[in-house]
Number of protein chains: 2
Amino acid sequence: MNQEFNFVENGGVTSPAGFLACGVCAGFKRSGSNDMAMIVSERDCSFAGTFTSNLFPAAPVRYCREICASSPNVRAVTINSGVANACTGLEGYQNTLRTAALAAEALNIEPRQVLVASTGRIGVQIPMDKIEKGIREGVKLLSHDGGSAAAHAILTTDTRPKELAVSFSVNGKKVTVGGCCKGAGMISPRMVVAPHATMICVITTDAEADNAYLAQVIEKAVNASFNKITVDNDMSTNDTVLLLANGSSGVRIAAGSEGSGQFENAVRMVAEHLARSIVYDGEGVSKFVSVEVSGAANDRDAELAARAIANSPLCKTAWFGCDPNWGRILAAAGYSGASFRPENVSVYFDEMPVVRGGLDAGTPESELAELMKHREFSIKVELGEGSACCTIWTGDFTYEYVKINADYHT
Amino acid sequence: MNQEFNFVENGGVTSPAGFLACGVCAGFKRSGSNDMAMIVSERDCSFAGTFTSNLFPAAPVRYCREICASSPNVRAVTINSGVANACTGLEGYQNTLRTAALAAEALNIEPRQVLVASTGRIGVQIPMDKIEKGIREGVKLLSHDGGSAAAHAILTTDTRPKELAVSFSVNGKKVTVGGCCKGAGMISPRMVVAPHATMICVITTDAEADNAYLAQVIEKAVNASFNKITVDNDMSTNDTVLLLANGSSGVRIAAGSEGSGQFENAVRMVAEHLARSIVYDGEGVSKFVSVEVSGAANDRDAELAARAIANSPLCKTAWFGCDPNWGRILAAAGYSGASFRPENVSVYFDEMPVVRGGLDAGTPESELAELMKHREFSIKVELGEGSACCTIWTGDFTYEYVKINADYHT
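Criteria and thresholds
- Residues numbered from 1 in each chain as written.
- Chains lettered and ligands numbered in written order.
- Predicted model: local features only at pLDDT ≥ 70, side-chain atom pairs only at ≥ 80, totals over all residues.
- Heavy atoms only, no water.
- Phe/Tyr/Trp six-rings, centres within 6.5 Å; stacked < 30°, edge-to-face > 60°.
- Helix = DSSP H or I, 4+ residues; strand = E, 2+ residues; numbered from the N terminus.
- Buried < 20%, exposed > 50% of the residue type's maximum accessible area, 1.4 Å probe, protein only.
- Lys NZ or Arg CZ within 6 Å of the ring centre and 35° of its normal.
- Axes fitted to C-alpha atoms, helices over the stretch in contact; angles between N-to-C directions.
- Parallel < 35°, antiparallel > 145°, perpendicular 65-115°, else oblique.
- Left-handed = near helix turned anticlockwise from the far one by under 90°.
- Contact = heavy atoms within 4.5 Å.
- Nonpolar A, V, L, I, M, F, W, Y, C, P; charged D, E, K, R; others polar.
- Least-squares fit on C-alpha atoms with pLDDT ≥ 70 in both.
- Pairing = 2+ DSSP bridges.
- Buried area = accessible area lost by both parts, 1.4 Å probe.
- Salt bridge = Lys/Arg side-chain N within 4 Å of Asp/Glu carboxyl O.
- Polar contact = N/O pair within 3.5 Å; in protein donor to acceptor, adjacent residues only side chain to side chain.

Here we take up the packing of aromatic side chains. Inspection of every chain in the model, using the stated rule, returns 14 aromatic pairs over all chains. Judged by centre distance (5.9 Å) and plane angle (80°), the ring pair of Phe5 of chain B and Phe168 of chain B falls under edge-to-face. Placement of the pair is Phe5 of chain B in the segment before strand S1 (6–7) and Phe168 of chain B in strand S6 (residues 162–170), with a sequence separation of 163 residues. On the basis of relative accessible area, Phe168 of chain B is assigned to the buried category, the value being 2%. Through a chain of ring-to-ring contacts, three or more aromatic side chains come together here, namely Phe320 and Tyr399 of chain A together with Phe320 and Tyr399 of chain B. Positioned above the aromatic ring of Trp393 of chain A, the side-chain terminus of Lys228 of chain A is 4.8 Å from the ring centre.

It is worth spelling out the packing of helix H8 (residues 313–320) of chain B against helix H9 (residues 326–335) of chain B at this point. Residue and element names in this part refer to chain B. Remark: H8 packs on H9, axes separated minimally by 9 Å, with the N-to-C direction vectors making an angle of 155°. When the axis of H8 is compared with that of H9, the two are roughly antiparallel. For H8 against H9, the interelement crossing comes out left-handed. Across from Leu314, Cys315, Thr317, Ala318 and Trp319 in H8, the residues of H9 making contact are Arg328, Ile329 and Ala332. Of the residues contributing to the contact of H8 with H9, the split by class is six nonpolar, one polar and one charged.

Turning our eyes to something else, we now look at the packing of helix H2 (residues 89–107) of chain A against helix H3 (residues 128–141) of chain A. Residue and element names in this part refer to chain A. The interhelical angle for the contact between H2 and H3, taken along N-to-C directions, is 25°, at an axis separation of 10 Å. Between H2 and H3, the angle is such that the two are roughly parallel. Relative to H3, the crossing made by H2 is right-handed. For the pair H2 and H3, contact is made by Asn95, Arg98, Thr99, Leu102, Ala103, Ala106 and Leu107 and by Met128, Ile131, Glu132, Ile135 and Val139, respectively. Broken down by class, the residue content of the contact of H2 with H3 amounts to eight nonpolar, two polar and two charged.

This next bit is on the relation of the copies chain A and chain B. Relating one copy of the chain to the other requires a rotation about an axis plus a shift along that axis. In the superposition of chain A on chain B (RMSD 0.0 Å, axial shift 0.0 Å), the rotation amounts to 180°. What the rotation and shift describe, once combined, is the action of a two-fold rotation axis. Considering only C-alpha atoms, the part of chain A nearest the rotation axis is Tyr399 of chain A, at 2.8 Å. Same-surface contact between copies: 100% of interface residues of chain A are shared with the interface of chain B.

Looking now at the sheet that holds strand S16 (residues 388–395) of chain A. All names here are of chain A. Across the sheet, seven strands lie side by side as S9-S16-S11-S15-S12-S13-S14; this open sheet has mixed pairing. The open sheet has two edge strands, strand S9 (229–230) and strand S14 (359–360), and neither has a second partner. Bridge analysis of strand S11 (residues 288–296) against S16 gives seven bridges, and the strand direction is antiparallel. By the bridge assignment for S16, Ser290 is matched with Trp393. Contacts between helix H6 (residues 260–280) and the sheet are confined to S9, S11, strand S15 (376–382) and S16, with S16 contributing the most and set at about 50° to the helix. Packed on one face of the sheet, helix H8 (residues 313–320) meets S9, S11, S15 and S16 and runs near 60° to S16.

The next subject is the pairing of strand S13 (residues 352–356) of chain B. Along any regular strand, the residues point their side chains to alternate faces of the sheet. Residue and element names in this part refer to chain B. As paired strands, strand S12 (residues 346–349) and S13 are joined by three bridges and run antiparallel to one another. Residue pairing in the sheet places Val347 in a bridge with Val355 of S13. Between S12 and the antiparallel strand that follows it, S13, lie two residues; Asp350 among them carries a positive phi value of about 50°. Relative to strand S14 (residues 359–360), S13 runs antiparallel, the two sharing two bridges. Directly across from Arg356, in S14, lies its bridge partner Leu359. Joining the antiparallel neighbours S13 and S14 is a turn of two residues, in which Gly357 adopts a positive phi near 60°.

Residues and elements named next belong to chain B. One open sheet holds the seven strands; their spatial order is S9-S16-S11-S15-S12-S13-S14, and the pairing between them is mixed. Strand pairing shows two members of the sheet lacking a second neighbour, strand S9 (229–230) and S14, which therefore form its edges. Across the sheet, H8 lies against S9, strand S11 (288–296), strand S15 (376–382) and strand S16 (388–395), angled at about 60° from S16, the strand it touches most.

Moving on: the interface of chain A and chain B. Chain A puts 56 residues into the contact, and the matching count from chain B is 56 residues. With both sides pooled, the region where chain A packs onto chain B buries about 4,600 Å², and carbon together with sulfur makes up 63% of that total. If you sort the residues of chain A by the area they bury against chain B, Leu55, Phe56 and Tyr335 of chain A come out on top, with a joint share of 16%. Connecting chain A to chain B are four salt bridges. Inspection of the chain A/chain B interface yields 16 residue pairs in polar contact (both at pLDDT 80 or more). When contributions to the side of chain A that touches chain B are tallied by element, the ones reaching two or more residues are H8, helix H9 (326–335), S14 and helix H11 (399–406) of chain A. In terms of residue count, H9 of chain A provides more of the side of chain A that touches chain B than any other element does, eight residues in total. Residues of the side of chain A that touches chain B, tallied by class, amount to 27 nonpolar, 18 polar and eleven charged.

Printed below as a string of structure tokens:
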């Protein structure tokens, strides 16, 4: 697939034409780091979003759903880190409306053209004086190469920014898709039916497309990326993925049109890269583990087994300790709710046989332990029932995870 | 309820009349500690058992299910720690049969009168020479006060034995119920419909009762005890609870008979004490947390919400850090699958209000943090939808948990 695309060097949300961004210090973080980002398009954008399915959606999530349902186009996204504005009631919702109004005023656009996302501590009201300061100073810093500054400003327990941009040609015209995201903990999409995501991600493109098509494209991309990762099995109140298309490339893309395959692949590739980056940078994660279940009777069983293994504390701590202890993997598959016959199950670590017919395959433990020292490996579980499969990307469970989360106050 | 009962000092499985037990070093544990126990009745016992619902039941679990279905009575239980005899195929099953046959021969009883339980590492064959040694030496050590030795011998990552016995009178005759159990990790019952448990537990009584009644009594007791605990959300392949009644007291108990209420309460009390002991001694657990969800629309929702909170890594690490971070509790309830309106939710830590109407109740964080320093506290979540409730007992997530499980080889 990759030969279709050019990777943009140091690419991100401002790689597509006509987008500006900035990172600014509004004052939410005690560290004094930048903690607010704005991403702005020079032209009206068609757009689509997917959001958490948590019963406690944060105020900005409820607001963005409204905008998705009622606004024909948008021009800007503001994102603050440090305060989630979740479980904040009517006051929190009014603060989100006020944030949109302030940004609209500063940018000379309509309030309904501003999307808002927040991340950080749940249950505290957002200090609006800081939002005001962030927007006031942010608009002065907006630039065509501000994508990286925005990607930095939205981080919380992340240790590094997550960005990518790719471009491709349609009839000689260049189209670019770029994105950035944040997320390291409280990462676990859990329902595949309702479109939703697990963190905050903005994907921009200079393609021209209508909202309905963008909604299809982002749902498909999210299901193949953010909905396949778990760090800690904890679904957030604030998960948001936004896709903005401003048409600056002059290339119109629609379902089945020329370039639509490339466009959909580009969005998916950016989403997948960013989703994997979240696991790589997951809280305390020292190993990236791809849990690949195949041979399931149906999609639901494949996902149940893959998620049970990917979220098992006993599996995750064993991976941290380079302990091949495959019994924990079978036990997790065995309680997952998936239906299969134990005697048909095989397990591989990368290409190394571990379990065959439900029993030890005989590979020496020392060889398996050696393989597990790698930064990345796969656990492949073949259930022997059918042809359904599911891959979940996850990490290990470390001392560092406990340290980060036993005392998290932003 | 407690005034009905006398607690037997240092009581355990040999407190009921006519039971003997021992602990012996068979050689499974590298430490050289005792690692095999036998519990034997002088008379035939009626009996019942509940077992894991994991799709990979260990060989002794499959064997015990057979015995429960086909044998009218039993006389003995052998338990080894260090090797789980799970995922060991036909050879593992034959080894369990051979264990029963060896014990039967040494005790001069029928093989079908011997129940077998194993705990320890999954996926390795049990060394039968050690089983032979354990049984050969064990039968010589059987005694009427061997309950404590048996309770010690079955431990794995547990730090202390778990035992209790209570007695009560029926028409002037004394009836005693005693029990012991092991379990610290891989602890999470997950299905409330199928009777099953989460660890190894033997409950003995000198009451006389038939198998069908004992099956009712143990199912009810397990649902109210072992099925309410979770340490790590990992359901084991070897979970086993056995109830043996040898009739030595001369008191016959049946459904609705005189003394049946006391008997059922006694069994439940012993099961509940042992289940709570497992959480107190859970791997790395520094705090015992009772998660109490009330006001749910139905039992399923109450349990979904309670389990999501009890198993959330973000909640458990926050408890370890004495961080009141109640947003994580609401977020877990919000993704649990339970149905409720966020604005109706209240949360208390013990009696201290934390959330009211889905919003911060205003109790200073410092007061909540102080409360969380206790060895035991409760998280009470009132959903405001109906009258269903569910309590799950769990622990926190600590550095020690990671340490224990990142390198577990017995």
